[in-house]
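Inside the fold
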Amino acid sequence: MKKRPSLIAWLFIVLGTSYFLLPLIATFLFSLRAKKDTLGFTAYQRVFEDSSFYATFRFSALMALLTIIASMLLLVPTVYWAYLRHPRLHRLIELVSLMPFVIPPIVLVFGLIKSYSRPPVILVQSRGLLIAGYMVLALPYMYRAIDAGLRATNVKTLTEAAQSLGAGWPRIIWQVIVPNIRGALVNGAFLTFATVLGELTLAQYLAWPAFGPYLARISQNKAYEPAALTIISFALTWVIFGIVLLFNSKDQQQTQFGGTH
Amino acid sequence: MAEQASERGRGAQSPRLDLRRINWSWLGTVPFFLFACAFLLLPSASLVIGSFQDNQGNFTLQNIADLSQPSIVNAYLLSMQVSGVTALLGTLVGGLLAWAMVLGRLPRFVRAFLIPFSGVASNFAGVPLAFAFIATLGRVGFVTVLLKDLGFNLYDKGFNLYSFWGLSATYLYFQIPLVVLILTPAFEALRPQWREAAESLGASGSYYWRSVALPILTPALLSTVVLLFGNAFGAYATAYALTGGSLNIVPIMIGAQIQGDILHNPNLGYALAFGMMLIMTLVLVLYSWLQRRSARWLQ
Amino acid sequence: MAFIELHNLTKQFGPTTVVSPLNLAVERGEFLSVLGPSGCGKTTTLRMIAGFEAPSGGSIKIDGADITRTPPSKRKIGIVFQSYALFPNMSVAQNIGYGLQIAKLSKQAIQQRVDEMLAIIHMQEFANRYPHQLSGGQQQRVALARALAIRPQVLLLDEPLSALDAKIRVSLRQDIRAIQRELGITAIYVTHDQEEALSLSDRVLIMQKGEVEQLGTPAEIYNNPKTSFVAQFVGTLNTLEATLHDAKRGILQFGSQQFEVSDSFDAALQGTTVQVALRPERLSLNGAVSQNQLHGVVKEQMLLGPIVRFHVEVEQHLLFVDVFNDTNVSRLPNRGEAVVVNFAPHDCLVLAR
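Here the structure is a predicted model, which is why all the values come from computation and not from measurement.

1. A look at helix α5 (residues 105-116) of chain A
Residue and element names in this part refer to chain A. With twelve residues, α5 should reach 16 Å at 1.5 Å per residue; the first-to-last C-alpha distance of 16 Å fits that figure. The element α5 is largely enclosed, with a buried count of twelve among its twelve residues. Along α5, the positions that sit buried rather than exposed are Pro105, Ile106, Val107, Leu108, Val109, Phe110, Gly111, Leu112, Ile113, Lys114, Ser115 and Tyr116.

What follows is the structure, given as structure tokens:
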């Protein structure tokens, strides 16, 4: 019978929102005070003048890109095959894709260093190991995105239709399957990008000049620049999610969120 | 038509290609499992094995026994406390927000804003998040100074951002939005007809919540608590950036062990990581069990 | 005084009127169906009686007591939803006993009543099952038992069969009617299915766009529809427009042919157009000569089981003619054959609108 908005509901929303906005406002105000007694964008200016800002950002963006490409090359054919030919393997792949949840980044990097820092295989100085680690971090949601995309697509019928028209496997994957799960792939790609870009743990212990360790170093040594960097990263996260939402509203697919902390 | 097409599809792959098809299909999944072995199984297995070895590589249970050192036990306890408190508080606050959003009869823009914001905030972690809280609740943080001007000194009252409650408040920043994202569908799955049926049978609002809505939500709420527990338990970057390693939680301890063998026993370090994996496995098993339960009701 | 009385009951959502002033009296023990297309206001009316929607105006009385402002939990009205709405966290027995528990009956009394209800719906062996272990038809029977367990004054059913398979729909609707008769409870049944409404009810209320079109027994509704909407909504109908050739004797001109109706008209209406409705089963093909006759050509024939429906083109207008599927009685004409359509003047319904 009651159709009025509930006052208590409003109260919760207002309180919740202020908890979320306050740190952002505080950081923003702080970032403006780099010059004594005046408000201004000096801190941002300094950040953008710092060459290691660009260098580390470029490095992390490149790692993210490579992680995305490698993950997709690995996962799309695998999950597709499982759907098509090995329903039982499907369960196993699902289980494996949940494993990174059991192995937090700090444990993962510990294990990677232990396994690959002495003979027979020494990989700790290779970028490949960093990317492999990132692929592990991205695995759960990359898998879920691709799995959801394939589930929404009628894989079997599409494949059989393509086969009946004479298409070979590479052609089926690239021209039939991938376009049909494009939304899911974009979703997974951007989540991976957002995660890898600011990732600290792996990059720090594998000793790479990535954006995450750069942020950590600046926040220990400077006062106002980290505030500016915080605002910049927050804005960046928004941009990335904005793109995901944009794509999803077009493709009518459900957005998934979640990453590593 | 579809059936016809599939008939033809199989026909085109005549029987003599059968053998090749099976080989191909295995090749399709082999890279994935190789990758999983090399970068998931091997690293974790090597830690597990290492935790049962002494320095000479012989089997021992000493490392596991040594986990009972006060400093390690305290680290596990502190980790569990932070995870437990943020999981419970996060589920409570996030649940109330999701309730308000879904059932509070609020205008549509509240939802249109809160869902994407939760997506962003649940991914906003690590160094930037830590710094945002330093700027807010640090010794010269915005809110600290504001409260001081109002005559309330947070730090005199025992609050410290770089301690347990400070870390918990910071973790809640990504925990609460995660709850909003997880519980929104659960609240949406509460059918209005359940409430109406209950009312027509004489139930008051609170009786309906106690007898129907909460029992239905319970598996979802519990699995959220469990997921949040794991989410906080494994978090390293935020804690490191906030406390610089001064707060002795397990991930921080492992990090210190990687850098400088602070335990003076590499194998004890592996056991430390093994314990963490064990707890996370329990969390995952519990989570998927609860998930299945709630899925059964909320189809 | 009637058992349920709706007096000038109205509902507006913003500027749109969903239910125009509605007056209705339902007798004790009566089974009344509210029939209409979706969006006609029938569900809103039901929800106002249940108390889930506040009326914009008017009043609702049950057994003489005004309950217009009574919250739903105090109305003692049982309701069955289209989506069953069983509580998924409770067993069948717990669902049925839910209202009794609220009424604070003793454990024994609850047990007894639940057993009683389980017997009525023939589901004794399902007492400890959970809703997700039951089929749709079983769930809906449990929902019915749950609504009836509290011995409500009125039973409201909101399209209870719409989500079920055709076969179960028929058997369950017979069960619903039998249980309602047995308990002598007053029931209001909302549906968009005319067959359900006609076969179940003591009386049928037909609504369209928030207004009452007709209220009457199923036979009255079917045989004497008051408006063209009712005529077309209930059953299959041929409608044709003809000009009044002889108003007094009721002779109508249809293209180049003429036929007679049993009504007579005011002379002033001479030359105007009237709408005439004919049920397909009242028409016959190539029958006795004494009746009205229209000449036409068979365009199509469709086998509907016990009857065959012919599409006969008469004056560039298709008429449906239903004939018993019994080749012993008469030879059925083929497609393209010229036929004569016969009907009696009193089978013609002259429609008001």
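Picking up where we left off.
2. Details of the domain arrangement of chain B
Residues and elements named next belong to chain B. Each domain of chain B was delimited in the assignment, giving domain 1 (13-51) and domain 2 (69-297). In this complex, domain 1 contributes five residues to the contact, which on the side of domain 2 involves six residues. Across the domain 1/domain 2 interface, buried area totals approximately 490 Å², and carbon plus sulfur atoms make up 80% of it. Contact with domain 2 buries area across many residues of domain 1, yet Leu47, Gly50 and Ser51 alone supply 74% of it, more than any other trio. Counting across the domain 1 and domain 2 interface gives zero salt bridges. Linking domain 1 to domain 2 there are one residue pair in polar contact (both at pLDDT 80 or more).

3. Thoughts on the pattern of salt bridges
Residues and elements named next belong to chain B. Applying the stated criterion across every chain yields a total of 17 salt bridges over all chains. Arg195 is the partner of Glu199 in a salt bridge, and the nearest nitrogen-oxygen pair spans 3.4 Å. Here the residue Glu199 and the residue Arg195 both occupy positions in helix α9 (residues 192-200), the gap between them amounting to four residues, near one helical turn. Looking at Arg195, the relative accessible area reads 29%, which means it is partly exposed.

4. Quick word on the interface of chain C and chain B
The interface is formed by 22 residues belonging to chain C together with 20 residues belonging to chain B. Taken over both partners, the interface formed by chain C and chain B buries close to 1900 Å², and the fraction arising from carbon and sulfur atoms is 64%. Counting the surface chain C buries against chain B, the share from its top three residues, Pro88, Asn89 and Tyr98 of chain C, is 26%. The tally of links from chain C across to chain B stands at one salt bridge. Notably, a salt bridge pairs Glu196 of chain B with Arg47 of chain C, separated by 2.6 Å at the nearest N-O pair. Where chain C meets chain B, there are five residue pairs in polar contact (both at pLDDT 80 or more). Broken down by secondary-structure element, the contributors of at least two residues to the side of chain C that touches chain B are β6 (77-80), α2 (92-102) and α4 (136-149) of chain C. Ranked by residues supplied to the side of chain C that touches chain B, first place goes to α2 of chain C with four residues. Classifying every residue of the side of chain C that touches chain B gives 14 nonpolar, six polar and two charged.

5. A few points about empty space enclosed by the protein
Any empty space left between the atoms is revealed when a probe the size of a water molecule rolls over them. Tallied over the full model, the rule gives three cavities of 30 Å³ or more. Roughly 390 Å³ of volume is contained in the largest cavity. Listed by contribution, the elements that provide at least two residues to the lining of the largest cavity are α9 (182-197) and α12 (225-251) of chain A together with α6 (127-137) of chain B. Looking at which element gives the most residues to the lining of the largest cavity, the answer is α12 of chain A, with four residues. Considering only residue class, the lining of the largest cavity consists of twelve nonpolar, nine polar and one charged.

6. A closer look at the confidence of the model for chain B
The pLDDT averaged across chain B works out to 85; a share of 89% of its residues lies at or above 70. Predicted confidence for residues 1-15 of chain B stays below pLDDT 50, and this span has eleven contacts to residues more than four positions away or in other chains.

7. Re the environment of Gly271 of chain C
Residues and elements named next belong to chain C. Examined against the element boundaries, Gly271 turns out to sit in the loop between β13 (257-260) and β14 (273-278). Residue Gly271 is classed as partly exposed on the basis of its relative accessible area of 46%. Each C-alpha atom, one on Gly271 and one on Leu252, is 9.2 Å from the other, the two residues being 19 residues apart in sequence. Those residues in contact with Gly271 that sit more than four places away from it in its chain are Thr243 and Leu244.

8. Thoughts on the sheet that holds strand β8 (residues 186-191) of chain C
Residue and element names in this part refer to chain C. Taken together, six strands build an open sheet; the order of strands is β6-β7-β8-β3-β9-β10 and the sheet is mixed. Pairing within the sheet leaves two strands with one partner each, and these edge strands are β6 and β10 (211-216). Neighbouring strand axes in the sheet, compared pairwise and without regard to direction, differ in orientation by 15 degrees on average.

9. Focus: the pairing of strand β19 (residues 338-343) of chain C
Residue and element names in this part refer to chain C. In terms of burial, β19 is a largely internal element, five of the six residues being buried. Examined bridge by bridge, strand β15 (residues 284-285) and β19 share two bridges and lie antiparallel to one another. Opposite Leu285, over in β19, you have Val341 as the bridge partner. Note: strand β16 (residues 292-303) against β19, six bridges, orientation antiparallel. What sits directly across from Asn292, in β19, is Phe343.

Reading the values: the criteria
Residues numbered from 1 in each chain as written. Chains lettered and ligands numbered in written order. Predicted model: local features only at pLDDT ≥ 70, side-chain atom pairs only at ≥ 80, totals over all residues. Heavy atoms only, no water. Helix = DSSP H or I, 4+ residues; strand = E, 2+ residues; numbered from the N terminus. Expected span 1.5 Å × (residues − 1). Buried < 20%, exposed > 50% of the residue type's maximum accessible area, 1.4 Å probe, protein only. Domains from an automatic or database assignment. Contact = heavy atoms within 4.5 Å. Buried area = accessible area lost by both parts, 1.4 Å probe. Salt bridge = Lys/Arg side-chain N within 4 Å of Asp/Glu carboxyl O. Polar contact = N/O pair within 3.5 Å; in protein donor to acceptor, adjacent residues only side chain to side chain. Nonpolar A, V, L, I, M, F, W, Y, C, P; charged D, E, K, R; others polar. 1 Å grid on protein atoms, 1.4 Å probe; cavity = no way out; pocket = protein on both sides within 12 Å on 5 of 7 lines; lining within 4 Å. Points joined across faces, edges and corners; volume = space filled by probe spheres on them. pLDDT = per-residue confidence, 0-100. Pairing = 2+ DSSP bridges. Axes fitted to C-alpha atoms, helices over the stretch in contact; angles between N-to-C directions.

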